[in-house]
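# Coordinate inspection notes
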Amino acid sequence: MKLDGTMNTHMDDEKTGMTQTPSDENAFQKLFEASLAELPEVRRGERVKGMVVSVDDQAVVVDVGAKAEGSIPKQEFEQAGLELPAVGEEVEAMVMSTGGPSGIGLSVLAVRRQDAWRSIEEAMENNACVDAIILAEVKGGYRVAIQGLEAFMPRSESDPNPRFPASELIGRTCKVAILEARRKPENIVVSRRRPLELEYAAKRERFFATAKVGDRVNGVVRRMTDFGAFVDLGGVDALLHVSDIAWQRLEKPSDILSVGQEVSVEITKIDPEAGKISVSMKALQEDPWTRVAERYEPGMRLTGTVRRLLDFGAVVELEPGVEGLIHRSELSWVRKDVAPTQVLAEGDVVDVAVLEVVPEERKLRLSLKAVTENPWQAWLAEHPVGSRVRGRIKNKTDFGFFVSVSDELDGLVHMENLSWEEDPAEALAAYSKGQEVECVVLGVDVERQRISLGIKQLSEDPFEVFLSGVQRGSTVTGKVIEVRKNGNALIELAKGVRAHLARREIPRDRELKEGDEIKAKITEINRAKRQVELSIRQYERDEERDAVRNYTRQVENAAGPSALALELQRKLLGGKKEK
């Protein structure tokens, strides 16, 4: 019998030993057609099992016990994460189509996806986890495979540690929790962080129930920061601060530690409520600072080796494990804020002086310049305040200029100390770099390393000269040199001496302009601020009062005042309000 259901016209007599008649053939064909009718029908979407009958380059052919054989695309096995079956093996597939030219269309990938969706939805309903493979990093997270389905894992859900490197996740099989699952449109969002947090929480609970301060434990360095390293104590992270790694000063943890390194530490602090643990490596080592207070004291001169150069100074080792700091301000007397690299080099053997010993803070302050003579103190001894010096202008600034007073030292002439009479800015403009000048020493601040010089102090202060001949209430004559918008005026009383005349002190009927000569009374003198206040009103009131007094005396010396004199006296003394 052929597969298409037709009967052979005859059979080999040698095999059968008989000859079939046409009626027999018809009967056999009917039996065959009846047997085909008894074969089960397969429907689209149905899951079926069958035996592999052949495998070629394109497909795997499966006998599923139906009228026709089924065909599964070969690449589906790889996509579903399954090994390619051999002839004779049983496979389960889903019917995708029936009655096509190639028979029944089957898919193992569809079965895999259906099972995956069932397990995903059950896991989501029961708050359970499923196995997943992290395939690749994508924008905002990772692409994940779950039994043939693709899911998305946000970066924030990849690990409890936000700095966990992506390179360590790619290709890893892990447990994930289902955050979101929707079939249409297909969308699956998972989290690796949440099951890890539950696992870590259980480990932390066990750890905090048994661990105590002072315990010695072993751990592995998992990650490092600028301030220390985090050590895994078996599912519980502890902070190993940089100051607890070793007794010597470290710039960063990586000077001694590396990720993956096993370390022995002592628990120094436990906070079960906050879930924080602090550990120390140096607590298991002998402290070299226990004898520092006995061995070092301020004023001692020592020899040490420069171990490290920092931006703010140099670290000098005085003995193994004991280091002191030379701040950059203690490197040189004359080179202000000098960079340590311009004075020292790592490995230099230097003489230093001990400035301060603070064992409880593990500090030794050292000085390089203290072992040499202070040039500022020496210069002051030779040039006391009030003495005169000569030098060339080394550098000019907006506020003055610096004069070289020795090979190493400079003094500042501030613009306010250039002239008694001129405007400071105009006086400064008259000087230039390289010009030789004579100055008066105004002061030397040895601690701050500053020399203050003055040029105007070479002559007498015209302000003080002027004030030596006047006082409050004196009458002065001056010239208006400026009238401001608010009505106030600036009066020159003498060369280099200016006074202020407020508008309220000027009579209402009088308008001043530049160049006017005035007479006024001094109402206020402030030597510290070099200010003099004037009043024309006061001057005129005093002048009128003096005139009336003089007139009254003249009248009293006469026989008696006339009516005209009395009227004049009445107006001068009592008629001011009417005026």
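Above this text you will find the structure in question.
## Let's talk about the overall build of the protein chain
- Per the secondary structure count, the protein chain includes eleven helices and 30 strands.
- A burial count over the protein chain gives 38% of its 579 residues as buried.
- For the protein chain, restricting intrachain contacts to residue pairs at least 6 apart in sequence, the fraction spanning at least 24 positions comes to 57%.
- As displayed, the protein chain has an accessible area near 35,000 Å², and 48% of this comes from carbon and sulfur atoms.

## Quick look at the packing of aromatic side chains
- Counted according to the given criterion, the structure contains four aromatic pairs.
- Geometrically, the ring pair formed by Phe399 and Phe402 is edge-to-face, given 6.5 Å between the ring centres and 85° between the ring planes.
- For Phe399, a relative accessible area of 37% translates into the label partly exposed.
- Judged by its relative accessible area of 26%, Phe402 is partly exposed.
- Centroid distance Phe401 to Tyr431: 5.1 Å. Interplanar angle 40°. Geometry classified as tilted.

## Observations concerning the pattern of salt bridges
- In the structure shown here, the tally under the stated rule is 40 salt bridges.
- One salt bridge in this structure joins Glu505 and Arg504, with 3.9 Å as the shortest N-O distance.
- Here the salt bridges do not stand alone but share partners, grouping Arg388, Arg390, Arg392, Glu436 and Glu438 into one network.

## What about the pairing of strand E26 (residues 475-483)?
- Judged from the five bridges that link them, E26 and strand E29 (residues 517-526) form a sheet pairing that is antiparallel. By the bridge assignment for E29, Thr475 is matched with Lys521.
- Two strands pair when backbone bridges link them, and E26 and strand E27 (residues 489-494) are joined in this way by four bridges, in the antiparallel orientation. Bridging across to E27, Glu482 finds its partner in Leu490.
- In this structure, the hairpin formed by E26 and E27 is closed by a connection of five residues, where Gly487 is found at a positive phi of approximately 95°.

## Let's talk about the environment of Val217
- Along the polypeptide, Val217 turns up in strand E11 (residues 216-225).
- Look at Val217 and you get buried, because its relative accessible area is 19%.
- Taking the C-alpha atoms as reference points, Val217 and Leu233, 16 residues apart in sequence, are found 7.4 Å from one another.

## Some details on the sheet that holds E29
- Taken together, five strands build a closed barrel; the order of strands is E26-E27-E28-E30-E29 and the barrel is mixed. Averaged over all adjacent pairs, the angle separating strand axes in this sheet is 50°, with direction ignored.
- Note that strand E28 (residues 497-501) and strand E30 (residues 531-535) share two bridges and pair parallel. Residue pairing in the sheet places His500 in a bridge with Glu533 of E30.
- On the sheet, helix H10 (residues 536-557) packs against E26, E28, E29 and E30 and is oriented at approximately 110° with respect to E29.

## Examining the nonpolar core
- Counting 23 residues, the largest nonpolar core has Phe401, Leu418 and Leu453 as the members making the most contacts within it.
- Of all the elements in the fold, those that place two or more residues in this core are helix H7 (375-382), strand E21 (388-396), strand E22 (400-404), helix H8 (424-429), strand E24 (436-445) and strand E25 (450-454).
- The element best represented in this core is E24, accounting for four residues.
- Excluding its chain neighbours within four sequence positions, the residues that come into contact with Leu418 are Phe401, Val413, Pro424, Ala427, Leu428, Tyr431, Ile455 and Lys456.
- Counting 22 residues, the second largest nonpolar core, distinct from the first, contains Val221, Ala229, Val236 and Ile267.

## Some words on the side chain of Thr397
- For Thr397, the position within the fold is in the loop between E21 and E22.
- Within the structure, Thr397 has its side chain in polar contact with the backbone nitrogen of Phe399 (distance 3.3 Å).
- The residues touching Thr397, leaving out its near neighbours within four places in the chain, are Phe402 and Leu428.

## So, the sheet that holds strand E18 (residues 322-327)
- Taken together, the five strands give a closed barrel; going around it, the order is E16-E17-E18-E20-E19, and neighbouring strands pair in mixed fashion. In this sheet, adjacent strand axes meet at a mean angle of 50° when their direction is disregarded.
- Pairing geometry for strand E16 (residues 301-310) and strand E17 (residues 313-319), over five bridges, is antiparallel. Opposite Val306, over in E17, you have Val316 as the bridge partner.

## Some remarks on helix H5 (residues 193-210)
- For H5, spanning 18 residues, the distance from its first C-alpha to its last is 26 Å, which sits close to the expected 26 Å at 1.5 Å a residue.
- If you check which residues of H5 are buried, you get Arg193, Pro195, Leu196, Phe207 and Phe208.
- The secondary structure elements touched by the buried residues of H5 are strand E6 (129-138), strand E9 (173-182), strand E10 (187-191), strand E14 (262-271) and strand E15 (276-280).

Reading the values: the criteria
- Residues numbered from 1 in each chain as written.
- Predicted model: local features only at pLDDT ≥ 70, side-chain atom pairs only at ≥ 80, totals over all residues.
- Heavy atoms only, no water.
- Helix = DSSP H or I, 4+ residues; strand = E, 2+ residues; numbered from the N terminus.
- Buried < 20%, exposed > 50% of the residue type's maximum accessible area, 1.4 Å probe, protein only.
- Contact = heavy atoms within 4.5 Å.
- Areas by Shrake-Rupley, 256 points an atom, 1.4 Å probe, with all protein chains shown as cover.
- Phe/Tyr/Trp six-rings, centres within 6.5 Å; stacked < 30°, edge-to-face > 60°.
- Salt bridge = Lys/Arg side-chain N within 4 Å of Asp/Glu carboxyl O.
- Pairing = 2+ DSSP bridges.
- Axes fitted to C-alpha atoms, helices over the stretch in contact; angles between N-to-C directions.
- Core = buried A, V, L, I, M, F, W, Y, C linked by side-chain atoms within 4.5 Å.
- Polar contact = N/O pair within 3.5 Å; in protein donor to acceptor, adjacent residues only side chain to side chain.
- Expected span 1.5 Å × (residues − 1).

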